[in-house]
Amino acid sequence: MDIERIEGAFTVCKVGSVSDIPQGRYTFTAITDEEISLVCPSENVPENTLERSDGWRAFRVKGTLDFSLVGILAKIAGALADEGISLFAVSTYNTDYILVSAENYERAVKLAERNML
């Protein structure tokens with residue numbers, strides 16, 4: 001399995017309504033009984049966000065991951081944690097996306113690549 005870099009800056013934020021969620025690539029939402037969370041390219045962040053955290057970069061595990069595969073995200077998270085790098089993870093049906101602060105991005109990608117061997 002390989003790591004694939006995703007270009008551009010990302011923002012993690014909370015919005016007040018599902019109508020505030022922009023359409024576009026690399027847009028992730030979570031709706032719970034307590035909040036509506038949004039992860040999207042920074043240029044697509046709605047003006048009326050309730051809270052936001054800017055300065056994230058993203059990479060993903062390339063390809064489609066079978067549900068029987070165990071520990072892939074844990075392996076990457078553990079390697080990053082060992083180096084003091086926090087992450088924000090988003091999983092889709094096909095794969096896992098890992099967001100880290102821009103200042104840790106290059107180091108995080110190298111650690112993830114090393115741990116996917």
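Residues numbered from 1 in each chain as written. Predicted model: local features only at pLDDT ≥ 70, side-chain atom pairs only at ≥ 80, totals over all residues. Heavy atoms only, no water.

(A) Just the nonpolar core, in detail. Counting residues in hydrophobic clusters, the biggest one holds 14 residues, and the most contacted among them are Ile-3, Phe-59, Ile-76, Leu-80 and Val-100. Every element with two or more residues in this core is listed here: strand 4 (51-61), helix 1 (72-82), strand 6 (96-101) and helix 2 (105-115). Looking at this core element by element, the count peaks at five residues for helix 2. Here Phe-59 is in contact with Ile-3, Glu-4, Arg-5, Ile-6, Asp-96, Tyr-97, Ile-98, Tyr-105, Ala-108, Val-109 and Ala-112, once residues within four sequence places are set aside. In terms of nonpolar packing, the next biggest core, distinct from the first, is built from 10 residues, Ile-6, Phe-10, Val-12 and Ala-58 among them. (Core = buried A, V, L, I, M, F, W, Y, C linked by side-chain atoms within 4.5 Å. Buried < 20%, exposed > 50% of the residue type's maximum accessible area, 1.4 Å probe, protein only. Helix = DSSP H or I, 4+ residues; strand = E, 2+ residues; numbered from the N terminus. Contact = heavy atoms within 4.5 Å.)

(B) View of the environment of Gly-78. Inspection of the secondary structure assignment puts Gly-78 in helix 1. The sequence separation of Gly-78 and Asn-115 amounts to 37 residues, and the corresponding C-alpha distance is 9.5 Å.

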